[in-house]
Amino acid sequence: MSTLRVLVGTRKGAFVLTADGNRSDWTVTGPLFSGWEIYHLKGSPADPNRIFASQSTGWFGQVIQRSDDGGLTWAPAGNNFPYDGVPGTHQWYDGTPHPWEFARVWHLEPSLTDPDVVFAGVEDAALFRSGDGGQTWQELSGLRRHDSGAHWQPGAGGMCLHTVLLHPDDPARMVVAISAAGVFRTEDGGQTWQPSNRGLHSEGIPDSDAEVGHCVHHLARHPSNPDVLYMQKHWDVMRSDNGGQSWEEVSGNLPSDFGFPIEVHPHEPDTVYVVPITSDSEHFYVNVLRDAMSVDSLEPAGVYFGTTGGQVYASADSGDSWSPIVRDLPSVLSIEVQTLP
Amino acid sequence: MTRIVLPAHLRTLAKVRGEVTLEVPDPVTQRSVLDELEDRYPMLKGTIRDQVTKQRRAFVRFFAGEEDLSHQLPDTPLPAEVASGREPLVVVGAMAGG
């Protein structure tokens, strides 16, 4: 029977939830790295026992942790993220130039095929790659050096590169998303990048159809259909059928088209999960942040999300019914699920 | 022998309990102490000072007794009490939360 491992990053440490394939009895391990913000943990698809974690605080900066035994033991990896060359400036909230400054790693995306390769999306927005299991990091600076880079501005949470989509068949093709610059794609392994925001329409920016400057919250794709991308934007849920070259709104009859996470059903490439919330002035209760939803690959599919109120909810029937599998954790920042043989 | 008191988060990261003691060659300065500390505990690189610029992180301070050494130049000799190990160099993370 399969085993489920749910990796939970929170404001005050990490937790690992495990269960067998029945997904009814969960064991909670943690907190790991207690007191530190764990923005994201993710296991390598090529070696599921290799897990990377982004650990940080405003006091002591960034640490990267790596486990090679499924989260039982951890060791610090490399935490030096130097921008390539003289980084220059981007725009601050008020439009004035602001130096590019590394703040933290928001998202870790391990290679689909090589356990030593992992990508890191960071604030201030840039993409880094490690080819030695996270010991050293090199910026793929073609992204930040795009002609538009000096004009990028932060979203409310900072100017973060929060989403990295790897192509299942071609490692040279990647799609990333930045708040609040938008989507960029590369077809040459990260040397050159093209903005991929055609069709986005954002109220509240001077040019609502601008090539760059949209507040994209998250992206998702199904591996069987890599040209189809889904997006939760600040407002609007969007779909692209051409790998991000253009987008159409698919918000449909959602009660709100505002939200953060978006995920695709593991067996139904056209079934998409979002968490509509009211915004911006009506955030009365809990939120589900952009990296805090994930799916397993069992049949029927499991869907999981964590809240800023410290609950992790799970559905073992593709979302028809839900129950909390743990509660009273610190505020949840990220959820990743591993389905293990 | 130079004694160093680390804040709790960094003791956990470095897997140490209590004070850290280091043999630091003369002259004993902030820079030479931190160089030795990071050599012994490489996981602390970047947590007290920037890895490239060697600038102290904004929310980290250095004390000897009640004396704030944070704004001294990194190559300034530390007080004799610290250099000799009679007093520890205390690394403090800024208090926050209230």
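Residues numbered from 1 in each chain as written. Chains lettered and ligands numbered in written order. Predicted model: local features only at pLDDT ≥ 70, side-chain atom pairs only at ≥ 80, totals over all residues.

Trainee: Can you help me understand the nonpolar core in this one?
Mentor: Soluble globular proteins: nonpolar side chains tend toward being buried together. Ranked by size, the top nonpolar core spans 113 residues in total, and within it Val8, Val176, Val312 and Ile335 of chain A carry the most contacts. Each residue touching Ile335 of chain A, except ones within four places of it in the same chain, is listed here: Val6, Val8, Ala292, Met293, Ser294, Tyr304, Phe305, Gly306 and Val312 of chain A. (Core = buried A, V, L, I, M, F, W, Y, C linked by C-beta atoms within 7 Å. Buried ≥ 20, exposed ≤ 12 C-beta atoms within 10 Å, placed from the backbone. Contact = placed C-beta atoms within 7 Å.)

Trainee: Would you explain the interface of chain A and chain B in this entry?
Mentor: Interfaces are often sized by the amount of accessible area the parts lose when they come together. Each partner contributes to the interface: chain A provides 13 residues, whereas chain B provides 14 residues. It is strand E6 (residues 61-67) of chain A that provides the largest number of residues to the side of chain A that touches chain B, a total of three residues. Here the residues of the side of chain A that touches chain B are counted per class, giving six nonpolar, seven polar and no charged. (Helix = DSSP H or I, 4+ residues; strand = E, 2+ residues; numbered from the N terminus. Nonpolar A, V, L, I, M, F, W, Y, C, P; charged D, E, K, R; others polar.)

Trainee: When you look at the sheet that holds strand E26 (residues 312-315) of chain A in this model, what are you seeing that I'm missing?
Mentor: Sheet strands pair via backbone hydrogen bonds, and the direction of the pair is either parallel or antiparallel. Residue and element names in this part refer to chain A. Read across the open sheet, the four strands follow the order E24-E25-E26-E27; overall the sheet is antiparallel. Of all strands in the sheet, those bounded by a partner on one side alone are strand E24 (293-295) and strand E27 (323-326). Geometrically, the sheet is characterised by an average inter-axis angle of 30 degrees between neighbouring strands, direction not taken into account. As paired strands, E26 and E27 are joined by three bridges and run antiparallel to one another. (Pairing = 2+ DSSP bridges. Axes fitted to C-alpha atoms, helices over the stretch in contact; angles between N-to-C directions.)

Trainee: Please clarify how the pairing of strand E15 (residues 174-179) of chain A should be interpreted in this entry.
Mentor: Walk down a regular strand and you will see the side chains alternate between the two sheet faces. All names here are of chain A. Most of E15 is tucked away, with six of its six residues classed as buried. Residue alternation in E15 divides its side chains into two sets, Met174, Val176 and Ile178 and Val175, Ala177 and Ser179, and both sets are buried. Direction of pairing for strand E14 (residues 160-166) relative to E15: antiparallel, over a ladder of six bridges. Across the sheet, the residue bridging to Thr163 is Ala177, located in E15. Here five bridges tie E15 to strand E16 (residues 182-186), and the two strands are oriented antiparallel to one another. Looking at E16, one finds that Val176 is bridged to Phe184. Between E15 and E16, which pair antiparallel in sequence order, lie two residues.

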